[in-house]
Amino acid sequence: MNKKAKTVKKKAKYFIIAGFILGATFIILSSKAIKYTSTDEFCMSCHVHPHAEDAWRLSTHYDNASGVVVHCVECHLPPPGTVHYLTAKAVTGARDVYGTLFKDPEEINWEAKRRLEAAVKHTYQESCMTCHQNLFPRQLSAEGMDAHLYYSNNSEKLNCLNCHLHVGHYSDVPHEQQLNFGAAAAEPAVIFEQAAEVTGFEKFTETIPGTSVQFDMLPIEGGTFTLGSPAKEPGRSFNEGPARNVEVSSFFMAEVEVTWDMYMAFFNETRSEGRKDAGAFAQSLDDITSPDAISGPTPPWGNPDQGWGFGNRPAITMSYHAAQTFCRWLSLKTGKNYRMPTEAEWEFAARGGTSTPYFFEGNPKDFTRTHWLNRILGADTTLINSYIIYDANSQLKTHTPDTIWANPFGLKNMLGNVWEFVADYYAEDAFAQYPEGQTIKDPKGPETGNERVIRGGAFNSDAYDVRSATRSQTQHDAWLVTDPQIPKSIWWYSDSYDVGFRVVLEWNAP
Amino acid sequence: MEDQSKLSGRRIFLKNAASIAAVGALGSSFILKSCSGDKTPKVVAPTFLDQAAEGKVLKVGLVGCGGRGTGALFNFLNSGPGIEIVALGDVFADRIGRCRNQLKEQRNVEVADENCFTGFDAYEKVLDSGIDVVVLATPPYFRAQHFDAAVRARKHVFMEKPLAVDPVGARSIMASAKMADTAGLKVGCGTQRHHERDYLTTYEHIKSGLMGDIVGANCYWNQGQLWFVNPQPGMSEMEAMLRDWVNWTWLSGDHIVEQHMHNIDVINWFTGKIPSKAVGFGSRQRRPTGDQYDNFSVDFVYEDGMHMHSMCRQINGCANNVSEFVVGTKGQSNCKNYVEDLQGNKLFEFTYAEEGSDAERESSGVKNVSPYDQEIIDLVTAIRNNTPYNEAELCAKSTMVAIMGRISAYTGKEVTYEEMMNSNLKLGPEDVSMATTGVKAVVAVPGVV
């Protein structure tokens, strides 16, 4: 009995020792493995986008006065020793292995991956903070002091990358106010002297006096339609209903979204040099009676066009206030009354006489990439591709109107390309506020509100969100989070690049 | 040598350990004791230092040699041994002369010629003269620039309130305060009520719940006309303004900021919160020079709906009152030395011991040390003991609140603290030099865009 107990004890001892050795070996090996798989060389052995390495070597995190090099995992993983370090490493590793084996690097949109919303998913705020513990070093500039004070008071809203997006991978995107924005435009060949004269309810080409800008206005014959979507429409949101019978009067609508050419004509004529503390003290636009009296946008911060180019691409990143000011300027320049469409006018025009999800045949369910079957098997998207710029065909940027076909009314990009501001204030239950069972004539939405309605979806929207009935809203504060200026710009959104607008003109039949 | 100094440093530390523990950051360290049998919290009387902790000799420089700046140097000398006044800076040579004379006559302290600097850049030279602590006591317009330079030069700071005249300046102070913290610098701010035993003791009693939660507040600085200086022959425009600075908004922030900010600060301190918006009015009735108002009345509103009414006036022949008042759910207090219940029954009263009495000799808890000395004693102690000490953030917030009240009265609009934190309003001429001209005395008119 005793002997047996002794043997058991002895065996247990061996087991424990063996366990220790195994454990130690495991720990040593796994720590070696972690170390090995955390070197820059290891990362780059799979990461087949050489520009990432090049941009890293050019960045301040590689090439700086102190000679300290910050390695891939120091930003792209949580700090070692934190609870989720290993899980993050495993997940990131698994995703990278999958990507390496099954994806074609040529087809990955690397440019889009470098934008803020993608970058924050691959870097860790706590990792930034692990090294950058002193936000007020002695060399910090006055602007930096103000900005870091702002961060200290708003840290839950802001990520380091909001302002320091390109510190890990160099970019030549300017990180400053573009004081010469628009100045380099070539001298135009034609300068229009007169605005178009509207003689009847038919298509006309507006010409903005004193500029070389022209655009087509199409007549939209008024009528009755169902505003909103039926309860069973695939992809429908609660805010698209209840559907209501609505009658809209005839109006003209611009064939295309306001282009950069149009917007830059406005910018260059009205730009204001200094920053004005407008806000509550701003003059009402309606009180301005001459285009010369309009004090327009200040120079933007960074690249408003996101580097995609200007010309006929839709203008983006302007604030709602800027869009309103544009309409006022255009009205005074042309002697007409241009404005943004009401939500009802917009949807009536977008539907082009249809009541289906799109103005062409097709079910959003078959196009969406949110469905796993579509992702794996692919979907027949020929039709939608010919009409709409959306996330499956856009390479995640805007496109010029000539790349797609028009809707039944001849309008282009009503769905997709960029969201469009409309005149109405946003309310989730805006349609429910209209009386049921009758036809509402020219509704204008809630009387007051904080945010405006945006419609049509954009280049980065899923097929579900480029339906005729899709509704969304501006997000004033969120769209200005990154703006480093104090006060923030009233002219440019720093964190919105998928919203533009289009103009309409009322038609008063003689 | 190095080791020895470290050693002596440690000895000083040990020697002062008890007082550090007792004094804490603001010279106030009350301990709430809750005995098992007794449910009412007891506030233990604070221990105040009558003299700064001993230690390293501190070299002090002054920027702005007016009455208050010179006074602050005396307060440094009063704080105990180991203080050397080594450098003076002012825009005007006569101011430096007067300050030197007073130091010499009253304390036999001499400042060498080569350490006296005149001009708008005098502050840089003072900071560069080998000092440990700088006193910033120019008109408040210059404070943000001087504080920024002092912190970057890694000097401890004593600076007078208010800390700024506009939102840009107040934010600059807040950011520099954070840099001071990261650099381990100590900053005192001239809001001396934080160093008065009566205020501190009353504060601790209110904090212990004696009068419930504070639900309303009033504060006042109503006094007669303040001094002014008429332009003299031979004075440049700028010199005339600088010598008359308490009458010019760009230099002083107007009297709601320059003076009344003290009382607003007490309410901020006692309530532990900052008003989120203000609607105020004011006017200019009898002020002889400059462009400021001489009366303000402002309704400050907090996020939770609480109101603070603030009023200030600098007009002769009117009812005067400099005080604060808070109402709680179970009582009310003047913040200074009494608390009563809502029926008027006394709940607490603070009285100083009679000068020269036994009580005063025995206990440092009741001795009426000048708060101007006390704030320097507390600052010097914090520097020598390396304990956290930075009054700039709260003082900058109180300054900002007062600025918010002024802007509301000037414009007639409701103004929010959020707007202040995002405003680019900066007062004063683009370049300040003795040759600067063209600053017009324009009195603000509310309701006009």
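Residues numbered from 1 in each chain as written. Chains lettered and ligands numbered in written order. Predicted model: local features only at pLDDT ≥ 70, side-chain atom pairs only at ≥ 80, totals over all residues.

Visitor: I would appreciate a short explanation of the overall build of chain A in the present structure.
Guide: For chain A, the helix and strand inventory stands at 16 helices and 12 strands. Across its three principal directions, the C-alpha atoms of chain A cover 115 × 55 × 40 Å. Within chain A, the proportion of its 510 residues that are buried is 32%. Within chain A, counting contacts between residues at least 6 apart in sequence, those at least 24 apart form 73% of the total. (Helix = DSSP H or I, 4+ residues; strand = E, 2+ residues; numbered from the N terminus. Buried ≥ 20, exposed ≤ 12 C-beta atoms within 10 Å, placed from the backbone. Contact = placed C-beta atoms within 7 Å.)

Visitor: Which parts of the structure should I look at to understand the overall build of chain B?
Guide: A tally of helices and strands in chain B yields 15 helices and 17 strands. Evaluated residue by residue, chain B yields a buried proportion of 46% over its 449 residues. Within chain B, contacts between residues at least 6 apart in sequence are counted, and of these 74% link residues at least 24 apart.

Visitor: Please explain the sheet that holds strand 14 (residues 331-333) of chain B as it appears in this structure.
Guide: Across a sheet, paired strands are connected by hydrogen bonds in the backbone, their directions being either parallel or antiparallel. All names here are of chain B. Read across the open sheet, the nine strands follow the order 16-15-14-13-9-12-11-10-17; overall the sheet is mixed. Two strands lie at the open edges of the sheet, namely strand 16 (346-349) and strand 17 (415-416), each paired on one side alone. The strands touched by helix 7 (residues 197-207) within the sheet are strand 14, strand 15 (338-341) and strand 16, with strand 15 carrying the most contacts at an inclination of about 30 degrees. (Pairing = 2+ DSSP bridges. Axes fitted to C-alpha atoms, helices over the stretch in contact; angles between N-to-C directions.)

Visitor: So what exactly am I meant to see when it comes to the interface of chain A and chain B here?
Guide: A common measure of how large an interface is: the accessible area buried when the components associate. Contacts between the two partners involve 16 residues from chain A, matched on the other side by 16 residues from chain B. Taken together, the residues of the side of chain A that touches chain B break down into seven nonpolar, four polar and five charged. (Nonpolar A, V, L, I, M, F, W, Y, C, P; charged D, E, K, R; others polar.)

Visitor: Looking at this model, I keep getting lost on unusual backbone geometry. Mind explaining?
Guide: Comment: phi is negative for the bulk of residues other than glycine, and the bulk of peptide bonds are trans. The omega torsion across G241 of chain A and P242 of chain A is -5 degrees, close enough to zero to call that bond cis. Tracing the backbone shows P242 of chain A in the loop between strand 3 (223-227) and strand 4 (244-248). Backbone torsion omega between K161 of chain B and P162 of chain B reads -15 degrees, so that peptide bond is classified as cis. In this structure, C335 of chain B takes a positive phi of about 70 degrees despite not being glycine. One can find C335 of chain B in the loop between strand 14 and strand 15. Judged by the 25 C-beta atoms lying within 10 Å of it, C335 of chain B falls in the buried class. Notably, N386 of chain B is not glycine yet its phi reads approximately 50 degrees, a positive angle. Structurally, N386 of chain B is set in the loop between helix 13 (371-385) and helix 14 (392-411).

Visitor: Would you explain the domain arrangement of chain A in this entry?
Guide: All names here are of chain A. When its domains are assigned, chain A resolves into domain 1 (37-163) and domain 2 (204-506). Computed over C-alpha atoms only, the centres of domain 1 and domain 2 are separated by 34 Å. Each partner contributes residues to the interface: domain 1 has nine residues there, and domain 2 has six residues. Only helix 9 (142-153) and helix 10 (160-163) provide two or more residues apiece to the side of domain 1 that touches domain 2. Among the elements that line the side of domain 1 that touches domain 2, the one with the most residues is helix 9, at three residues. (Domains from an automatic or database assignment.)

Visitor: Would you explain the nonpolar core in this entry?
Guide: Generally speaking, a soluble globular protein has its nonpolar side chains buried in company with each other. V134, V135, I173 and A396 of chain B are the most contacted members of the largest nonpolar core, which totals 115 residues. Here the element with the most residues in this core is helix 14 of chain B; it accounts for 11 residues. In this structure, A350, W419, F421 and V466 of chain A belong to the second largest nonpolar core, which totals 76 residues. (Core = buried A, V, L, I, M, F, W, Y, C linked by C-beta atoms within 7 Å.)

Visitor: In this structure, what is going on with the packing of helix 5 (residues 143-152) of chain B against helix 6 (residues 167-182) of chain B? I would like to understand it.
Guide: When two helices pack together, their arrangement is given by the angle between the helix axes and by the axis-to-axis distance. Residue and element names in this part refer to chain B. Here helix 5 crosses helix 6 at 15 degrees, and the two axes come no closer than 9 Å. By the angle class used here, helix 5 and helix 6 are roughly parallel. Here helix 5 runs over helix 6; the crossing is left-handed. Listed contacts from helix 6 to R143, A144, F147, D148 and V151 of helix 5 are G169, S172, I173, S176, M179 and A180. Taken together, the residues of the contact of helix 5 with helix 6 break down into six nonpolar, three polar and two charged. (Parallel < 35°, antiparallel > 145°, perpendicular 65-115°, else oblique. Left-handed = near helix turned anticlockwise from the far one by under 90°.)

Visitor: Teacher, can you tell me more about the sheet that holds strand 5 (residues 251-254) of chain A here?
Guide: Residues and elements named next belong to chain A. If you trace the five strands from one edge of the open sheet to the other, you get 1-2-5-12-6, paired in antiparallel fashion. Edge strands, defined here as strands with exactly one partner in the open sheet, are strand 1 (204-207) and strand 6 (338-339). Bridge count for strand 1 against strand 2 (residues 214-220) is four bridges, and the pairing is antiparallel. Across the sheet, residue E206 finds its bridge partner in strand 2, namely F215.

Visitor: In this structure, what is going on with the environment of G500 of chain A? I would like to understand it.
Guide: Residue and element names in this part refer to chain A. Structurally, G500 is set in strand 11 (residues 499-501). For the pair formed by G500 and R57, sequence separation is 443 residues and the distance between their alpha carbons is 36 Å. Filtering out sequence-adjacent residues up to four positions away, G500 remains in contact with E257, V258, P314, A315, I316, V418 and E420.

Visitor: What am I meant to see in the packing of helix 2 (residues 67-78) of chain B against helix 13 of chain B here?
Guide: All names here are of chain B. For the pair helix 2 and helix 13, interaxial distance at closest approach is 8 Å and the crossing angle is 65 degrees. Two packed elements cross with a definite hand, and for helix 2 against helix 13 that hand is right-handed. Taken together, the residues of helix 13 that come into contact with helix 2 (itself represented by G71, N75, F76 and N78) are Y372, D373 and I376. A breakdown of the residues in the contact of helix 2 with helix 13 according to their chemical character gives three nonpolar, three polar and one charged.

Visitor: Hey, could you run me through helix 5 of chain B in this one?
Guide: An α-helical segment advances 3.6 residues per turn. Residues three or four places apart therefore align on the same side. Residues and elements named next belong to chain B. Every buried residue of helix 5 is accounted for by R143, A144, H146, F147, A150 and V151. Looking straight down helix 5, one finds its buried side chains confined to an arc of 165 degrees; they lie on one side. In the core, the buried residues of helix 5 are packed alongside strand 3 (58-63), helix 4 (122-127), strand 6 (133-136), strand 7 (156-159) and helix 6. Looking at the residues trailing helix 5, positive phi occurs at R154, about 60 degrees. (Arc of directions from axis to C-beta.)

Visitor: Even after reading the chapter, I still don't get the environment of I376 of chain A, so can you show me in this structure?
Guide: Residue and element names in this part refer to chain A. Looking at where I376 falls in the secondary structure, it is placed in helix 15 (residues 372-377). On the basis of neighbour counts, which here come to 7 C-beta atoms within 10 Å, the residue I376 falls in the exposed class. For the pair formed by I376 and I486, sequence separation is 110 residues and the distance between their alpha carbons is 47 Å.

Visitor: Please explain the pairing of strand 5 of chain A as it appears in this structure.
Guide: Along any regular strand, the residues point their side chains to alternate faces of the sheet. Residue and element names in this part refer to chain A. Burial along strand 5 is two-sided: the residues F251 and M253 and F252 and A254 are all buried. As paired elements, strand 2 and strand 5 share four bridges and run antiparallel to each other. Along strand 5, the bridge assignment pairs I220 with F251. Here three bridges tie strand 5 to strand 12 (residues 504-506), and the two strands are oriented antiparallel to one another. From the neighbouring strand, F251 faces strand 12, where its bridge partner is E506.

Visitor: Where do I start with the confidence of the model for chain A in this structure?
Guide: Detailed reading of predicted coordinates is not advised where the pLDDT is low. When pLDDT is averaged along chain A, the result is 89, and 96% of the positions lie at 70 or above. Taken as a whole, residues 275-281 of chain A scores under 50 in pLDDT and shows 10 contacts with residues more than four places along the chain or in a different chain. (pLDDT = per-residue confidence, 0-100.)

Visitor: Any chance you could explain the pairing of strand 7 of chain B here in plain terms?
Guide: Residues and elements named next belong to chain B. Burial along strand 7 is two-sided: the residues H156 and F158 and V157 and M159 are all buried. In the sheet, strand 6 pairs with strand 7 via four bridges, with the strands oriented parallel. Residue pairing across strands places V135 opposite F158, the latter belonging to strand 7. Remark: the strand 6/helix 5/strand 7 crossover connection has right-handed handedness. Bridging between strand 7 and strand 8 (residues 187-188) involves two bridges; their strand directions are parallel. In the sheet register, V157 faces strand 8, and the bridge partner there is V187. Regarding topology, helix 6 serves as the crossover connection from strand 7 to the parallel strand 8, and that connection is right-handed. (Right-handed = clockwise from strand over helix to strand, strands pointing away.)

Visitor: What is the right way to read helix 2 of chain B from this model?
Guide: Residue and element names in this part refer to chain B. Compared with an ideal rise of 1.5 Å per residue, which puts 12 residues at 16 Å, helix 2 spans 16 Å between its outermost C-alpha atoms and is within 8% of the ideal. Restricting attention to buried positions, one finds in helix 2 the residues G69, T70, A72, L73, N75 and F76. Next to the buried residues of helix 2 lie strand 3, strand 4 (83-90), helix 3 (93-107), strand 6, strand 7 and helix 13. Of the residues one or two after helix 2, G80 is the one with positive phi, at around 135 degrees. (Expected span 1.5 Å × (residues − 1).)

Visitor: Explain the confidence of the model for chain B to me, please; I cannot follow it from the model alone.
Guide: Residues and elements named next belong to chain B. Here chain B averages 89 in pLDDT, while 87% of its residues score no lower than 70. In the model, residues 1-39 has pLDDT below 50 throughout and makes 42 contacts with residues more than four positions away in sequence or in other chains. Reported for the predicted complex are a pTM of 0.80 and an ipTM of 0.83.

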